[in-house]
Amino acid sequence: MTKLRIAGGQVLRPDASVERADVLVDSESGDIAAVGDPDEVPEGDETLDAEDGLVMPGLVNAHTHAAMTLLRGYADDKELDAWLQEDIWPVEAEFTPEDVRAGTELGLLEMIRSGTTAFADMYFHEEEVVEAVEDAGLRARLGYGIVTVGKDEEGAREDCEQSLEVAREFDGAADGRVKTAFMPHSLTTVGEEYLREFVPEAREDGIALHYHANETTDEVDPIVEEEGQRPLDYARELDMTDESDFVAHGVHLDSTEIDLLAETGTSVVHCPASNMKLASGMAPVQKLLDAGVTVGLGTDGTASNNDLDVFDEMRDAAMVGKLAENDASAVPAESVVRMATEGSASALGFDSGRIEEGANADLAVVDLDAAHLTPHHDLVSHLVYAARGSDVRHTLCDGAVLMRDREVLTLDAEAVRERAERRAAAAVERAE
Ligand SMILES: N[C@@H](CCSC[C@H]1O[C@@H](n2cnc3c(=O)[nH]cnc32)[C@H](O)[C@@H]1O)C(=O)O
Ligand SMILES: [Zn+2]
């Protein structure tokens, strides 16, 4: 049995304390075998140097569209509906499976570099995403995004079938690192008749749901008008608020919807950068936390962010969380770190996000030897307010080292960038 000892560093523990400790990783089972005082942790077969570093749980990006890296910087400074319809969807319509593969690999490269070890992806040509995840060594919950508006009945049903098929076929892929979900894009972009027909099919097979909810007022108002109820009441009626389900955004939620989320155990993935950039609004994050809702953190796609750096996202979450409450003590650093690790992992149904014996060995080692991380009064504060993705020295997932000393081992970084650059330009050219 191969054991890898992460030695010489400080370790962030589940109670948010930081202690000098070593971590022993079982590379075969992919679990953390031991963590504690260097004298008490058994020897490993190999060592990974964590001196001057902080070993933390790998970050979990609980909502993104990884292949959208190809659209990074393509269309900015516009509100959601116009941005999707006028700019994003026309180019996405040109994406081939090879484009999605190239964009996803670029996304995975960026994730590994910035200490992200797991993510949720909603996109299309998802079989490419499965393969890319398998090769790159990350963990993911994946699904095919359904949009029925603007499609005829046959096209709409095909989309729904496709999402069910992807969820059924790929669950458990990549040695169990891949899980799936049924993914209607949102409550307004998928027609009620399709939700009524296909959600029960997903439920029968025990498949979880992931969708965008309450992102903008333009999305909430039509449901209130047409259904006479709040979007999440409508979702509950459609059996879309199970404990295993997770919704992206949750910006415009009223207090009854917050209670509903807490009661049903449905998780919310907060996407602060996307919400600010598309001027969607400020999510009531502190209220969600106070109500006991599981809150994770996501970047959303890189066309509305424009990066996949979850450190950035943590800072944004803390900043906008305070602004939303007009209270500087709201959404403090510790709760933000929890959101980006345990919260996101729990939303995705992975036993990751905490450094403890038996948990998945999904880890990042942050280099503390930097001017912008000096002095070391409070390392949890640093993770949220001062650190950035480029501070990550090593990244591990499922007990395997994906990046060692800033060198990504599972992807050819140069080739990935070159391919993405070329494919992005060609797709845009076809669309225009
Ligand atoms: N099968 C669908 C694609 C859905 S994938 C998920 C979609 O979510 C879109 N998307 C990205 N960011 C956001 C957001 O913030 N809100 C809503 N949709 C988004 C993204 O462009 C992508 O088309 C089709 O054929 O059109
Ligand atoms: Zn999204």
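Remember, predicted model here, so these are calculated numbers, not experimental data.

Draft legend 1. Seen up close, the domain arrangement of the chain. Domain assignment breaks the chain into domain 1 (3-57 + 359-408) and domain 2 (59-348). Placing a centre on the C-alpha atoms of domain 1 and another on those of domain 2 gives a separation of 28 Å. Facing the 29 residues of domain 1 at the interface are 28 residues of domain 2. Counting each side, the surface lost to burial between domain 1 and domain 2 is near 2200 Å², with a carbon and sulfur contribution of 64%. The tally of links between domain 1 and domain 2 comes to two salt bridges. The shortest N-O distance in the salt bridge between R139 and D362 comes to 2.7 Å. The interface formed by domain 1 and domain 2 includes ten residue pairs in polar contact (both at pLDDT 80 or more). Going through the elements one at a time, β7 (53-57), β17 (363-367), α13 (379-385), β18 (392-397) and β19 (400-404) are the ones with two or more residues in the side of domain 1 that touches domain 2. Per-element accounting of the side of domain 1 that touches domain 2 gives the leading share, five residues, to α13.

Draft legend 2. Looking closely at helix α6 (residues 217-227). Along α6, the residues that are buried comprise E219, V220 and I223. All buried residues of α6 fall inside an arc of 95° around its axis, so they share one side. The exposed set on the far side of α6, more than 90 degrees from its buried face, consists of D218, E225 and E226. Buried positions along α6 lie against β13 (210-213) and α7 (231-237). Where α6 terminates, the next one or two residues include G228, which has phi positive at roughly 65°.

Draft legend 3. Highlighting the packing of aromatic side chains. Enumeration according to the criterion identifies one aromatic pair in this entry. An angle of 15° between the planes, with centres 4.3 Å apart, marks the rings of Y123 and F124 as stacked. There is no split in this pair, since Y123 and F124 are both buried. Of note, R139 hangs over the ring of F350, and the distance from its end group to the ring centre comes to 5.8 Å.

Draft legend 4. Examining the pattern of salt bridges more closely. Counted under the stated rule, the structure contains 39 salt bridges. A salt bridge links E94 to R430, with the nearest nitrogen and oxygen atoms 3.4 Å apart. Pair noted here: E94 is in the loop between α1 (80-92) and α2 (97-113) and R430 is in helix α14 (residues 413-431), with a separation of 336 residues, a long-range link. By relative accessible area, E94 is classed as partly exposed at 28%. The network of salt bridges with common partners includes R101, E105, E128, E131, D135 and R419.

Rules of the game
Residues numbered from 1 in each chain as written. Chains lettered and ligands numbered in written order. Predicted model: local features only at pLDDT ≥ 70, side-chain atom pairs only at ≥ 80, totals over all residues. Heavy atoms only, no water. Domains from an automatic or database assignment. Contact = heavy atoms within 4.5 Å. Buried area = accessible area lost by both parts, 1.4 Å probe. Salt bridge = Lys/Arg side-chain N within 4 Å of Asp/Glu carboxyl O. Polar contact = N/O pair within 3.5 Å; in protein donor to acceptor, adjacent residues only side chain to side chain. Helix = DSSP H or I, 4+ residues; strand = E, 2+ residues; numbered from the N terminus. Buried < 20%, exposed > 50% of the residue type's maximum accessible area, 1.4 Å probe, protein only. Arc of directions from axis to C-beta. Phe/Tyr/Trp six-rings, centres within 6.5 Å; stacked < 30°, edge-to-face > 60°. Lys NZ or Arg CZ within 6 Å of the ring centre and 35° of its normal.

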